[in-house]
Amino acid sequence: MARERNPLQMPRTGLEIAPLAGLTALPFSSGTGTSGTPATGGGHLLSRSTLGAVLVYAAYQALLSGLRTETLVQGGQLSRSTQARIIAASVWRSMQDGAAIGLVLSLVLLVCPWLALPLGVLGAVGVGKASLDLFHAFWDGLDDRQKLDLHQAAYGAGVDLQRLLRRRFLPVLKG
């Protein structure tokens, strides 16, 4: 799995978060049906799931873009207002993707509810990759001194980050 390290390239929410977004349904009241009973039809499921997917995509994209642009802000290459505009634009695009994917997955689950289990397993794998992407964005935003301080604090707590994450996640620190 390749890792994008260019801080000038804004990451896009990919399919790694789609299964989780497809299974996320917001609990909101939609009123009552014509017979006085709560409305719980397919339209209710579609709207709840689509809204849930939009929020999952927006939150993930906001974190990813915020962490990635923070490197540029701290380096003086970007102002906070420009950072906010970049994040807002990337979140807006991601929300549109989330709405489309959420609607499609909601329709699929409405027709084939048994697909929820495999989608849940894929969601767990996707959340793992998404967490790794967020960690990389966070780690890349740290300067060398902060990385060294983090390594020393972990070592003081009895955790050897070098040994724990060697050759898998973190670049080897020199010095």
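This text goes with the structure placed above it.
All figures in this text were calculated on a predicted structure; none of them were measured in a lab.

Let's shift gears to the nonpolar core. If you look at the biggest cluster of nonpolar residues, it comprises eleven residues: Ile17, Ala18, Ala21, Ala53, Val56, Tyr57, Tyr60, Leu64, Ala130, Leu134 and Ala137. Put simply, the parts of the chain that give this core at least two residues each are helix H1 (18-23), helix H2 (42-74) and helix H4 (116-140). A per-element tally of this core places H2 first, with five residues.

Next up on the list: the environment of Ser65. Along the chain, the position of Ser65 falls in helix H2. Residue Ser65 is classed as buried on the basis of its relative accessible area of 0%. Expressed as a C-alpha distance, the spacing of Ser65 and Gln83, which sit 18 residues apart in the sequence, is 8.8 Å.

This next bit is on helix H5 (residues 144-156). When the terminal C-alpha atoms of H5 are compared, their 18 Å separation across 13 residues agrees well with the 18 Å that a helix rising 1.5 Å per residue should span. Of the positions making up H5, those classed as buried are Lys147, His151 and Ala154. Angularly, the buried residues of H5 cover 65° about the axis, an arc narrow enough to put them on a single face. Those residues of H5 that are exposed and aimed more than 90 degrees away from the buried face are Arg145 and Gly156. Its side-chain oxygen 3.2 Å from the backbone nitrogen of Arg145, Asp143 forms the N-cap of H5. Once H5 ends, the next one or two residues include Gly158, with phi positive near 90°.

Parameters and conventions
Residues numbered from 1 in each chain as written. Predicted model: local features only at pLDDT ≥ 70, side-chain atom pairs only at ≥ 80, totals over all residues. Heavy atoms only, no water. Core = buried A, V, L, I, M, F, W, Y, C linked by side-chain atoms within 4.5 Å. Buried < 20%, exposed > 50% of the residue type's maximum accessible area, 1.4 Å probe, protein only. Helix = DSSP H or I, 4+ residues; strand = E, 2+ residues; numbered from the N terminus. Expected span 1.5 Å × (residues − 1). Arc of directions from axis to C-beta. Polar contact = N/O pair within 3.5 Å; in protein donor to acceptor, adjacent residues only side chain to side chain.

Any functional reading would require information that these geometric values do not contain.
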